[in-house]
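# Analysis of the macromolecular model
The residues making up each chain are set out below.
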Amino acid sequence: MSPEEPARHREGARRLASAPVLDVDRLLEDPQTRIVVCCGSGGVGKTTTAAALGLRAAERGRKVVVLTIDPARRLAQSMGIDSLDNTPRRVKGVDDAAGGELHAMMLDMKRTFDEIVESHADRERAAAILGNPFYQSLSAGFAGTQEYMAMEKLGQLRAKDEWDLIVVDTPPSRSALDFLDAPKRLGSFLDGKLIRVLLAPAKVGGRAGMKFLNVGMSMMTGVLGKVLGGQFLKDVQTFVAAMDSMFGGFRTRADATYKLLQAPGTAFLVVAAPERDALREAAYFVQRLAAEDMPLAGLVLNRVHGSGADGLSAERALAAAENLEDPRIVDQDGGKAGVRTDPANSPGTQGSSGTVGSAPAEQAPDTSPEASAPKATERPAPGPTADSTAAGNTAAGDTAAEDTTAGDTAAAGTAAAGTAASETTERSVDALTAGLLRLHAERMHLLAREQRTRDRFTARHPEVAVTEVAALPGDVHDLAGLRDIGERLATGRPELPGPGA
């Protein structure tokens, strides 16, 4: 690691530490906090965050309801509830020693719309509205209806004054801003020119109204009939006539809910991941909340990666991996140094080629007939001849030599096999170690990228309090997992617990 690298790490840590820390427990335990809205782009953990906050607040003595609009229904699974519906259900297994309760519900968009109609129209008119084909399409999938109904349900829960705290998991919209825009959007639609035009015949009433429609609006309705279809236009007109008395109520409730979001008892938590797109949208949402005078509590940064071995940089890890994979790069053996320093190869000696200065060769035996003939004074000893004795000695020597050679060969084979096995094991260990070093290098690069992304956000919004939650190895699927997430949210503990923690 270069001398500059630790300094860069420390500087990055100081920049992140300069952002204020979000005190989650203080927010949840404050009796003035009545609504917490978790918002952000899709796939950043809003549902899990909302559930964990609700559980933590309940186990600290507050009566909490969590409203989710998540179609995956992971909240229900995490809380041990078979299914959630439009009615709050109490969650079992919560530590109620402090006197708190946790309830959960999932928004039923159409049912919420039906409840609005039933509560603001008499039975006959309500039946006409609920059975109208245009209303059924509007209540099931009109753009912005889900977000509006989430706001409507929030207003209903708050009006009952039954809950100490309402935690809202916002809809998984393409843009987090849809949640704020929905009440105004639907209110504007109901007050729009088209609705007023379609409503005009009903306001005139009776035959005069129909005459007005046929004479004064024949051209427009003809065009609309071609574009929308005659039956569809008729359904819209019937719906508008039935909803006439309710339009003002929609607009009034939309305005009231919007003011509720701006009230001091509401706190927005922007949830994001340490990724460029998620934090870019989080920054835009922070700016929008400020422009709308809505109270922002802080940023929850989910799925933050960490490492307990961050002292080993990515560069050093990659260099070590390359060395293990190709040992010729560095850490060589002595090469030919041993050959050069061998006395047998030093200058001034003669090797097998007969170089001057080498040791004298053995004297060749004399093979002349005179040398082989027996001397006159020599007499053969009695008993076996010298030739037979020599032959016997030679045979015995050959047998012993063969035994020795076989033993040496077997020992050499065993040693070679052991050496090969040892080398194979060493290569396997080296390959595994190199793979782990490369994984560590990738993680260090990821940590550096996340750090740069966080630094950019905190540089642009130094006033926003931040808390971090580590990237966990698996999904949260029970209350214990939600409790752990709540602990991490409250302590700002991004790292996974170490051994014995």
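Anything mentioned here points back to the structure above.
Notes on the structure follow. Bear in mind that the values here come from a model prediction, so they are computed numbers and not experimental data.

## Re the pairing of strand β2 (residues 63–68)
- With five of six residues buried, β2 is to be regarded as a mostly interior element.
- Note that β2 and strand β4 (residues 101–106) share six bridges and pair parallel. Each bridged residue has a counterpart across the sheet, and for V66 the counterpart in β4 is A104.
- Examined bridge by bridge, β2 and strand β5 (residues 165–169) share four bridges and lie parallel to one another. Residue pairing in the sheet places V66 in a bridge with V167 of β5.

## A look at the side chain of E450
- For E450, the position within the fold is in helix α19 (residues 386–460).
- In this structure E450 is buried but unpaired, with R454 as the nearest side chain of opposite charge at 4.8 Å.

## Notes on the packing of aromatic side chains
- Going through the model one piece at a time under the given rule, you end up with one aromatic pair.
- Ring geometry for F113 versus Y135: centroids 5.1 Å apart, planes at 75 degrees, classification edge-to-face. Taken as a pair, F113 in helix α5 (residues 109–120) and Y135 in helix α7 (residues 133–141) lie far apart in primary sequence, 22 residues in all.
- For Y135, a relative accessible area of 0% corresponds to the buried category.
- Over the face of the ring belonging to W163 we find K63, whose NZ or CZ atom lies 5.3 Å from the ring centre.

## Thoughts on the nonpolar core
- Ranked by internal contacts, the top residues of the largest apolar core, which has 94 residues, are M79, L102, F268 and L299.
- Not counting chain neighbours up to four residues away, the residues in contact with L102 comprise G54, L55, A58, V64, V66, M79, R89, R90, V91 and V94.
- Membership of the second largest hydrophobic core comes to eight residues, among which are A321, A434, A441 and L447.

## Concerning the packing of α5 against helix α8 (residues 145–160)
- The interhelical angle for the contact between α5 and α8, taken along N-to-C directions, is 60 degrees, at an axis separation of 9 Å. When the axis of α5 is compared with that of α8, the two are oblique. Classified by chirality, the crossing of α8 by α5 is left-handed. Judged by residue contacts, M109, T112, F113, E115 and I116 of α5 engage T145, Q146, Y148, M149, E152, K153 and Q156 from α8.
- Taken together, the residues that form the contact of α5 with α8 break down as five nonpolar, four polar and three charged.

## With respect to the sheet that holds β4
- Here we have eight strands laid out as an open sheet, ordered β3-β4-β2-β5-β1-β6-β7-β8, and mixed in their pairing. Taken across any chain shown, the strands that pair with only one partner, and hence form the sheet edges, are β3 (89–90) and β8 (466–470).
- Summarising the sheet, strand β1 (residues 35–39) and strand β6 (residues 266–272) pair through five bridges and their orientation is parallel. The residue bridging I35 from the neighbouring strand is T266, located in β6.
- Sitting on the sheet, α8 is in contact with β1, β2, β4 and β5, with an inclination near 165 degrees to β2.
- Lying over the sheet, helix α20 (residues 479–491) contacts β7 (296–304) and β8, oriented at roughly 145 degrees with respect to β8.

## With respect to the pattern of salt bridges
- Scanning the model with the defined rule gives 18 salt bridges in all.
- Between D25 and R60 there is a salt bridge, with its nearest N and O atoms 3.7 Å apart. Of this pair, D25 sits in helix α2 (residues 24–29) while R60 sits in the loop between α3 (46–58) and β2, and the two are 35 residues apart along the sequence.
- Relative accessible area serves as the criterion here: at 17%, D25 is assigned to the buried category.
- Salt-bridge contacts for R488 lead to D484; the nearest nitrogen and oxygen are separated by 3.0 Å. Here R488 and its partner D484 are both found in helix α20, four residues apart, which amounts to about one turn of the helix.
- A relative accessible area of 28% means that D484 is categorised as partly exposed.
- When salt bridges that share partners are traced, they join D25, E29, R56, R60 and E487 into one network.

Here is what the cut-offs are and how they apply
- Residues numbered from 1 in each chain as written.
- Predicted model: local features only at pLDDT ≥ 70, side-chain atom pairs only at ≥ 80, totals over all residues.
- Heavy atoms only, no water.
- Buried < 20%, exposed > 50% of the residue type's maximum accessible area, 1.4 Å probe, protein only.
- Helix = DSSP H or I, 4+ residues; strand = E, 2+ residues; numbered from the N terminus.
- Pairing = 2+ DSSP bridges.
- Lys, Arg positive; Asp, Glu negative; His and termini not counted.
- Salt bridge = Lys/Arg side-chain N within 4 Å of Asp/Glu carboxyl O.
- Phe/Tyr/Trp six-rings, centres within 6.5 Å; stacked < 30°, edge-to-face > 60°.
- Lys NZ or Arg CZ within 6 Å of the ring centre and 35° of its normal.
- Core = buried A, V, L, I, M, F, W, Y, C linked by side-chain atoms within 4.5 Å.
- Contact = heavy atoms within 4.5 Å.
- Axes fitted to C-alpha atoms, helices over the stretch in contact; angles between N-to-C directions.
- Parallel < 35°, antiparallel > 145°, perpendicular 65-115°, else oblique.
- Left-handed = near helix turned anticlockwise from the far one by under 90°.
- Nonpolar A, V, L, I, M, F, W, Y, C, P; charged D, E, K, R; others polar.

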